[in-house]
Amino acid sequence: LASIVNSGTISAVAGYTSTSGATPSALDNDSQLAYAIRVAGNSNGTTIKNYASASKSAIITGDILFGGGNNQVLDLVGNATHVSQVTGDVTFGYTPDITNQHRLHIGTNAILTGKVINNAAPYSGVQVDIDAAGTLNLLNSTTPLDASIVTVAANGTLNLGVNRQLTSSGMIQATAVTFAKDSNLGVTYASFLPKSAQSAGAAYQFVLMTSDIGQITISQSVIDKFNNSIDVNGNSTRPYLLKTATMCNTGNGNCTRPTSLLSTQDALVINVVAKTPVELGLTAGSVAMAPLTTDKGAATTLFQQANLALAVDDDLGSAFINGIHNAKEAAKAYNDMAPGITGGTRAIAISITDSATGPVAARQRALRMYGKASGDFTVWGQEFVQMIKDPGTGAIDTNTTFKTNPGFKDHGFGLAVGIDSGSPKYGWYGGALTFYAGDVNELARDAHQNEQWYLLSLYSAWRGTGLFFDTKLDAGYGHIDGKRTLLLQPTSTTYYLREADNKHAGALISGSVVTGAMFTYGAATFMPQVNVDGLYLREEGYTEHNPNTTTVGDGFDLKVGQYYAKSLRAFLGLSARYDLKLWDFYLQPEVRAGYRYDFVSDPVKLKAAFAYADTSGANPAPGDTFELTGPDPAQGNFVLGGSIATSADTWTVGLNFDLVKGSNDAFQQVATLHVLGRI
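Below, the structure is looked at part by part. (Residues numbered from 1 in each chain as written. Predicted model: local features only at pLDDT ≥ 70, side-chain atom pairs only at ≥ 80, totals over all residues. Heavy atoms only, no water.)

1. Thoughts on the overall build of the protein
Counting its regular elements, the protein contains seven helices and 42 strands. Projected onto the principal axes, the alpha-carbon positions of the protein cover approximately 110 × 55 × 45 Å. Every one of the 679 residues in the protein was classed for burial, and the buried ones make up 52%. Looking at the protein alone, contacts between residues at least 24 apart form 70% of all its contacts between residues at least 6 apart. On the protein, roughly 28700 Å² of surface is accessible, and the fraction owed to carbon and sulfur atoms is 57%. Positive and negative side-chain charges in the protein, numbering 44 and 55 respectively, have mean positions lying 6 Å apart. (Helix = DSSP H or I, 4+ residues; strand = E, 2+ residues; numbered from the N terminus. Buried < 20%, exposed > 50% of the residue type's maximum accessible area, 1.4 Å probe, protein only. Contact = heavy atoms within 4.5 Å. Areas by Shrake-Rupley, 256 points an atom, 1.4 Å probe, with all protein chains shown as cover. Lys, Arg positive; Asp, Glu negative; His and termini not counted. Charge placed at Lys NZ, Arg CZ, Asp CG, Glu CD.)

Quick look at the structure:
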């Protein structure tokens, strides 16, 4: 096939779909092939002409693959009213005759976006010509474009996505390169700075293109246009994360030559220096900037560890460089790289087991109403809802408007059912099953944990002459689904989303002892009491994964170690109840007040590592392990509660409400509806 002429539309897509007719999605390893044109070998070469007509644009969507042959040509030409456009990768085939060469011509009002690969190299390069009003958006990431002569005319545009993986050759490896005066050279960052460039003040050179020595001809005005580029508001277009980004030509003598550059070559390079956290405006003591220590004893911060992970994930690293535009966005992005350390799981565990506010504790309080009455079995059930909010600790971070160690809020719903029996002489004994489903949402970022807890409780209630004594033992299992998301906006119209999910288990054991006195004055009863509660909680470790891929190597994923939490609390309070006789039942309003103090209120301490930050071996492995510390839980809490119940011989219906206000402005609200029937 000698020639293909397109003045209409050729389109090819490949991937997978979950339903018929849906738009295909890329494969997890991005190995899908969508050839719009695939040409068999032709010794005399094949010319593909993508020419817009007077009435229609010429569009090719999909890859173009030339077979072997001499003088293969891809020619794009638009006109004043219609565009010639190719979106896809272009691969030129093997050239038998080294005296011949391939050609890529991008004419007026023509655009090529994709990778350009020359399989003829190193025998013959591709001649690249970009005319006025023509644009080449070159996306090569691992293999450079081997070219003979690259020429960009006045008002022509060459856009390059610089990449750490092409630091030796650049995106174009040519014999000669010429940029005319008033031509355009655009640069985006297709990767993050490599690890070697991340120490404070370290300079790094991104190589854009190389040529034979003395063969890069570029107008200084083109270089100055890049170095001094500003947006419509007069602000520099240099990425916010970079302190400097200066282009220069090693052929001019005032440009440092990259160490990888051969003595027979020149290069067009960009010298970059990353900003320090202070220059970025990150707040000292924030999640990203809190001092940490690695398992190797090195001082570090989450900011530093995150940068090491970004260096091995080009998509994510590119999104950081291109999608962060100010201090607030930088603070949010780096804080988003942390695991959940708010302490929400511990707070839920305390709430559902506490002897002053928990659901089974509500049943034990109800037993005091008729602790001197005989009965066989009592079946009871409760439905409860709760809300917990902890603002965290530390000063307000001006970048996030939340505290430097931010907290969480939880909304949840639960059910408890139980059965008990007893007598005035020996007390009441019973067991209960409790289910709770909650959602721990972090205040300062888009991260949450859906939690389901299952508890088995054994309890007793004994009432003597003027005294009562209650005990309770809980054992629980929890299933926790966590998710973190990162959202960046590289341009005004494009967004970048990355997600990390995890599933892990939790377990708890808790116990409580409650004792106090009961003073009765007619229909009124006053009950001062002392409670002691203990809790031990364990969460399994986990490795996060991106739900949108089955491959490994995601720089956002964390490997998190197991976590233990403890609590030892004392409560001192007073309850007052009034039994109002109405016909054949009692109406029993009650109020409660007290103070709870936690003697063991340690914050969350998680050991974590970026799961694939170490690429020194054959397979990606976790980087250095570091320990992050969450906000301090409230030690002191004021507890206020009230209930109203109606009770007859064989049934009771009641409603409880408890409010817990912590010393760090944390608060909790629990509402419980309970129903019981006596057999």
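What follows continues from the structure just given.
2. A look at the sheet that holds strand β3 (residues 35-38)
The parallel open sheet is built from four strands, whose spatial order is β3-β6-β9-β12. On the outer flanks of this sheet lie β3 and β12 (116-118), each paired with one strand and no other. Each strand axis lies, on average, 10° off the axis of its neighbour in the sheet, ignoring direction. The pairing of β3 with strand β6 (residues 63-65) spans three bridges and is classified as parallel. Paired with Arg-38 across the strands is Leu-65, a residue of β6. (Pairing = 2+ DSSP bridges. Axes fitted to C-alpha atoms, helices over the stretch in contact; angles between N-to-C directions.)

3. Considerations on the pattern of salt bridges
All chains considered together, the criterion is met by 22 salt bridges. Measuring nitrogen to oxygen at the nearest pair gives 3.0 Å for the salt bridge that ties Arg-103 to Asp-129. You can see Arg-103 sitting in strand β10 (residues 102-106) and its partner Asp-129 sitting in strand β13 (residues 126-130), a full 26 residues away along the chain. Note on Arg-103: relative accessible area 30%, which makes it partly exposed. Salt-bridge contacts for Arg-577 lead to Asp-579; the nearest nitrogen and oxygen are separated by 2.9 Å. Of the two residues, Arg-577 and Asp-579, neither departs from the other in class, the shared state being buried. A cluster of three or more residues bridged by salt bridges with shared partners is formed by Asp-354, Asp-533, Arg-569 and Arg-596. (Salt bridge = Lys/Arg side-chain N within 4 Å of Asp/Glu carboxyl O.)

4. Considerations on the environment of Thr-525
Here Thr-525 is to be found in strand β32 (residues 524-539). On a C-alpha basis, the gap between Thr-525 and Asn-546 in space is 58 Å, while along the polypeptide they are 21 residues apart. In this structure Thr-525 touches Met-518, Phe-519, Thr-520, Ser-575, Ala-576 and Arg-577, once residues within four positions along its chain are discounted.

5. Re the sheet that holds strand β33 (residues 542-543)
What the four strands build is an open sheet, ordered β33-β34-β38-β39; its pairing is antiparallel. At either margin of the open sheet sits one strand with a lone partner, and together these are β33 and β39 (626-629). Relative to strand β34 (residues 558-560), β33 is paired through two bridges, and the arrangement is antiparallel. Opposite Thr-543, over in β34, you have Lys-559 as the bridge partner. Running over the sheet, helix α3 (residues 302-310) touches β38 (605-610) and β39 and is turned about 30° from β38.

6. Topic: the environment of Cys-248
Summarising the element assignment, Cys-248 is placed in strand β21 (residues 242-249). Leave out the neighbours within four places in its chain, and Cys-248 touches Cys-255, Ala-267, Leu-268, Val-269 and Asn-271.

7. Points about helix α4 (residues 314-323)
Two residues of an α-helix separated by three or four positions point the same way, owing to the 3.6 residues in each turn. By the criterion of burial, α4 is predominantly enclosed, with eight of the 10 residues buried. Buried within α4 we find Asp-314, Leu-316, Gly-317, Ser-318, Ala-319, Phe-320, Ile-321 and Gly-323. In the core, the buried residues of α4 are packed alongside β18 (184-189), α3, α5 (327-335), β29 (467-488) and β30 (496-517).

8. What about empty space enclosed by the protein?
Under the definition given, this model contains seven cavities of 30 Å³ or more. Size it by volume and the largest cavity reaches roughly 340 Å³. Every residue lining the largest cavity is counted, 25 residues in all, and those nearest its centre are Ala-347, Asp-390, Pro-633, Ala-634 and Ala-666. Mapped by element, the contributors of at least two residues to the lining of the largest cavity are α6 (344-353), β25 (375-396), β37 (585-598), β41 (651-662) and β42 (667-678). The greatest single-element share of the lining of the largest cavity, amounting to four residues, is contributed by α6. By residue class, the composition of the lining of the largest cavity is 12 nonpolar, six polar and seven charged. (1 Å grid on protein atoms, 1.4 Å probe; cavity = no way out; pocket = protein on both sides within 12 Å on 5 of 7 lines; lining within 4 Å. Points joined across faces, edges and corners; volume = space filled by probe spheres on them. Nonpolar A, V, L, I, M, F, W, Y, C, P; charged D, E, K, R; others polar.)

9. With respect to the layout of surface pockets
Over the atoms a probe the size of a water molecule is rolled, and this reveals where empty space is left. Put simply, the second largest pocket is a space of about 330 Å³. What lines the second largest pocket is a set of 20 residues, and nearest its centre among them are Gln-198, Ala-274, Lys-275, Phe-303 and Asn-307. Only α2 (277-280) and α3 provide two or more residues apiece to the lining of the second largest pocket. If one sorts the elements of the lining of the second largest pocket by residue count, α3 sits on top with four residues. Partitioning the lining of the second largest pocket into residue classes produces 13 nonpolar, six polar and one charged.

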